[in-house]
Amino acid sequence: MFENSKKVESSSSPSEYDEPRPSEAGSANAPLTRPPGVHRVCLPPCQTSVQKLRRRLLEIFFPDDPLHRFKDQTWFRRLVTGLQCSFPILKWAPHYSFKLLKCDVVSGVTIASLAIPQGISYAKLANLPPIIGLYSSFVPPLIYSVLGSSHHLAVGPVSIASLVMGTMLSEAVSYTAEPALYLKLAFTSTFFAGLFQASLGFLRLGFIIDFLSKATLVGFMAGAAIIVSLQQLKGLLGIVHFTSKMQIIPVLSSVFNHRNEWSWQTILIGVSFLTLLLTTRHISSRRPRLFWISAAAPLTSVILSTILVVCIKSKLHDIQTIGQLPKGLNPPSARMLLFTGGHLALTIKTGITTGVLSLTEGIAVGRTFAALKNYQVNGNKEMMAIGLMNIAGSCSSCYVTTGSFSRSAVNYNAGGQSGVSNIVMAGAVLITLLFLMPLFHYTPNLILAAIIITAAVGLIDYEAAYKLWKVDKLDFVACLCSFFGVLFISVALGLAIAVGISVFKILLNVTRPNTVSLGNIPGTQIYQNLSRYTQAVRVPSFLILGIEAPIYFANSTYLQDRILRWIRDEEQWLASNDICDLRCVILDMTAVTAIDTSGLDMISELRKMLDNRSLKLVLANPVGSVMEKLHKSNVLELFHFEGLYLTVGEAVSDISSSWKDQP
């Protein structure tokens, strides 16, 4: 849009912005073009409204240009490419080798040893039968292995989505009094979660989930992790009557009000296994090569605790166990979906909430490990894969699933190379469902509580919170607000607070954009922030301001007031230092990427106000879209020849020379 003088003349037609200076208009020798070294600011190439709309929509919804693979291809090759885009397994399967299979089998078996106990534990966290957790570790991984683009994402139930679903549904329906209805609502919520996720991917609206900023997610995850851990005190202490509320005060009150139900045998065994799990997790985090220790610890703990209960069950009557679990594959649940009745709004709300959380976690985990292995994960494809996975899961007795960070980390460290590791994991779960379910009859609830607490501890990111404090105090405040919102209000409202703070931060940056005073770095044509660069100096008679945001209706009034304040402060500073008066205000528009009609009115009004004060207003380097709107609104007629420049340096040198020519 801003080229050298040769390109400008070939792409721009003569206009009123190339008129001679008014002071020279009456002279016979008046120049008809700009002085040497001063370039014209040209308009962008002419486009119709349809062309502009098409270009804008492509930038919004197709920034990655997904159709570039189909260019210059035969119809057969386009068909193959289309199938590979829809089913990523078709892209890597032809090149799959026995060497990769060995790596995937090892990693698949390893993550299965973690997924089986976690699946049972997280199902109880969602107030669902434990078997639902195993069902959710079988069908969804198979779907994802075909549709997903990540090579390392290990799919299954996760703690945060389980907690949120359990909290939101139990507020309306008791899972103990109406277990059948509760189960139907869970499956229906999963269906809506999948539908929402797949719709975001299909319509390429993934930017919606970006409203959950990292700062608010850090606080939300930490608060939810503490609530999850405190809720597990029920199983760890052996309490029978426990509150269903998810706030920190009711939970702690319930713990201490039921001290008479504490079982010292449960506490002793539970704390012992919790210590073991935390120790193995610490070892693996300090020595990544020993990842298999923390990966195998949950299943090992389940086996050992079950054997212990079986051996001494006659003496340990107070220890609660899982009980009988049904054998067999996932039963169909499509007929259990409720699309009518008074709970429809609840299931939609729960589905969207858990869908956003699980989508955010799954895509973040997938991109993290993709960056480590230098390949790309397509966000929209991931949304559709996770969404279709949950839709299929809702029809096969599964609840909300996504990519788990802990299992994906184990998959990565174990050498997983492709989606086959998910297939191997699903195969291990299948064997468990068909043949090993009776072995879990005497598994104590305390070990499930210990597994959940161990996983929840990993969600508390102290280092990220400290980094937020060091880098951005506003982000840290947002983190604290979402953290305390989860702890003291509720998980759902804590999430709403997190989204609200993220939106507020965006609005704050839009409505209160940054403006800076610029100075010249001696010996160069570079102009930088005076308060940032000590070597930068003021240019006599000039006030140069940089606007670092688009100009919209939401900030136009603020910008006008702020610019006038800059002018007032500059005039006071010049007067106090007995320096020449201010004569020109230059607005560096380089960072102004867009402007609306309110912004145009502000520029026009500001120009007239400064004219009345005998001050010249100059615009430097307006981008193409801004230049076009200035032209169409006739605002440029106020500026003429000396009102528009390609750079601040050219504006200063040209205006200064024109002042020297004046008597």
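Quick caveat: nothing in here was measured; it's all calculated off a predicted structure.

Caption draft 1: Spatial organisation of the overall build of the chain. Along the backbone of the chain there are 26 helices and eight strands. Once the C-alpha set of the chain is aligned to its principal axes, its extents read approximately 115 × 65 × 55 Å. When each of the 663 residues of the chain is scored for burial, the buried share is 51%. Counting only contacts in the chain whose residues sit at least 6 apart along the sequence, the fraction spanning at least 24 positions is 79%. Carbon and sulfur atoms provide 62% of the accessible area of the chain, an area that totals close to 31,900 Å². Taken together, the 54 basic and 40 acidic charged side chains of the chain have centroids lying 15 Å from each other.

Caption draft 2: View of the UniProt feature "transmembrane region" (unreviewed entry) in the chain. The feature "transmembrane region" (unreviewed entry), as given by UniProt, occupies residues 153–175, 181–203, 215–242, 262–278, 290–310, 423–440, 446–464 and 476–504 in the numbering adopted here. Along residues 262–278 one finds 88% helix and 0% strand; the C-alpha atoms at either end are 23 Å apart. Between the end C-alpha atoms of residues 290–310 there is a gap of 31 Å, over a span that is 95% helix and 0% strand.

Caption draft 3: Focus on the nonpolar core. Counting residues in hydrophobic clusters, the biggest one holds 86 residues, and the most contacted among them are Leu-128, Ile-132, Leu-163, Phe-220, Tyr-399, Leu-433 and Ile-447. Take this core: its biggest share by element is nine residues, from helix α10 (residues 214–231). By size, the runner-up hydrophobic cluster in this structure holds 34 residues, among which are Ile-547, Leu-600, Leu-610 and Leu-615.

Caption draft 4: Representation of the side chain of Asn-445 in the model. Here Asn-445 shows up in helix α19 (residues 445–457). Not counting residues up to four positions away in its chain, the partners in contact with Asn-445 are Lys-124, Gln-320, Thr-321 and Ile-322.

Caption draft 5: Local environment of the packing of aromatic side chains. One pass over the full model with this rule turns up 13 aromatic pairs. Between Phe-192 and Phe-339, the aromatic rings sit 5.9 Å apart at their centres with planes inclined by 85 degrees, giving edge-to-face as the arrangement. With Phe-192 in helix α9 (residues 179–202) and Phe-339 in the loop between α14 (291–311) and α15 (344–372), the pair connects residues that are 147 residues apart, well separated along the chain. Residue Phe-192 is classed as buried on the basis of its relative accessible area, which comes to 15%. According to the relative accessible area criterion, Phe-339 is partly exposed, its value standing at 40%. Of note, Lys-473 hangs over the ring of Trp-469, and the distance from its end group to the ring centre comes to 4.6 Å. Note that Arg-538 overlies the ring of Trp-573, its terminal NZ or CZ placed 4.0 Å from the centroid.

Caption draft 6: Expanded view of the confidence of the model for the chain. Taken residue by residue, the chain gives an average pLDDT of 85. The fraction at 70 or more is 93%. Scored below 50 in pLDDT, residues 1–32 makes 43 contacts in the model with residues more than four places away or belonging to other chains.

Caption draft 7: Layout of the layout of surface pockets. Looking at the second largest pocket, its volume works out to about 780 Å³. Of all the secondary-structure elements, those providing two or more residues to the lining of the second largest pocket are α2 (49–61) and α25 (624–632). Per-element accounting of the lining of the second largest pocket gives the leading share, five residues, to α25. Here the residues of the lining of the second largest pocket sort into seven nonpolar, four polar and eight charged.

Caption draft 8: Here's a closer look at the sheet that holds strand β5 (residues 542–547). Judged by pairing direction, the sheet is mixed, and its six strands sit side by side in the order β4-β3-β5-β6-β7-β8 without closing on themselves. Two strands close off the open sheet at either side, each with one partner strand: β4 (527–529) and β8 (644–645). In this sheet, strand β7 (residues 616–620) lies alongside strand β6 (residues 584–588) in parallel orientation, the contact comprising five bridges. Counted as the bridge partner of Cys-584 is Lys-616 from β7. Across the sheet, helix α23 (residues 556–576) touches β3 (515–520), β5 and β6, and the angle it forms with β5 is around 150 degrees. Where helix α24 (residues 597–612) meets the sheet, its contacts fall on β6 and β7, and the angle it forms with β7 comes to roughly 145 degrees.

Rules used throughout
- Residues numbered from 1 in each chain as written.
- Predicted model: local features only at pLDDT ≥ 70, side-chain atom pairs only at ≥ 80, totals over all residues.
- Heavy atoms only, no water.
- Helix = DSSP H or I, 4+ residues; strand = E, 2+ residues; numbered from the N terminus.
- Buried < 20%, exposed > 50% of the residue type's maximum accessible area, 1.4 Å probe, protein only.
- Contact = heavy atoms within 4.5 Å.
- Areas by Shrake-Rupley, 256 points an atom, 1.4 Å probe, with all protein chains shown as cover.
- Lys, Arg positive; Asp, Glu negative; His and termini not counted.
- Charge placed at Lys NZ, Arg CZ, Asp CG, Glu CD.
- UniProt positions renumbered as here; feature names shortened; annotations may be inferred.
- Core = buried A, V, L, I, M, F, W, Y, C linked by side-chain atoms within 4.5 Å.
- Phe/Tyr/Trp six-rings, centres within 6.5 Å; stacked < 30°, edge-to-face > 60°.
- Lys NZ or Arg CZ within 6 Å of the ring centre and 35° of its normal.
- pLDDT = per-residue confidence, 0-100.
- 1 Å grid on protein atoms, 1.4 Å probe; cavity = no way out; pocket = protein on both sides within 12 Å on 5 of 7 lines; lining within 4 Å.
- Points joined across faces, edges and corners; volume = space filled by probe spheres on them.
- Nonpolar A, V, L, I, M, F, W, Y, C, P; charged D, E, K, R; others polar.
- Pairing = 2+ DSSP bridges.
- Axes fitted to C-alpha atoms, helices over the stretch in contact; angles between N-to-C directions.

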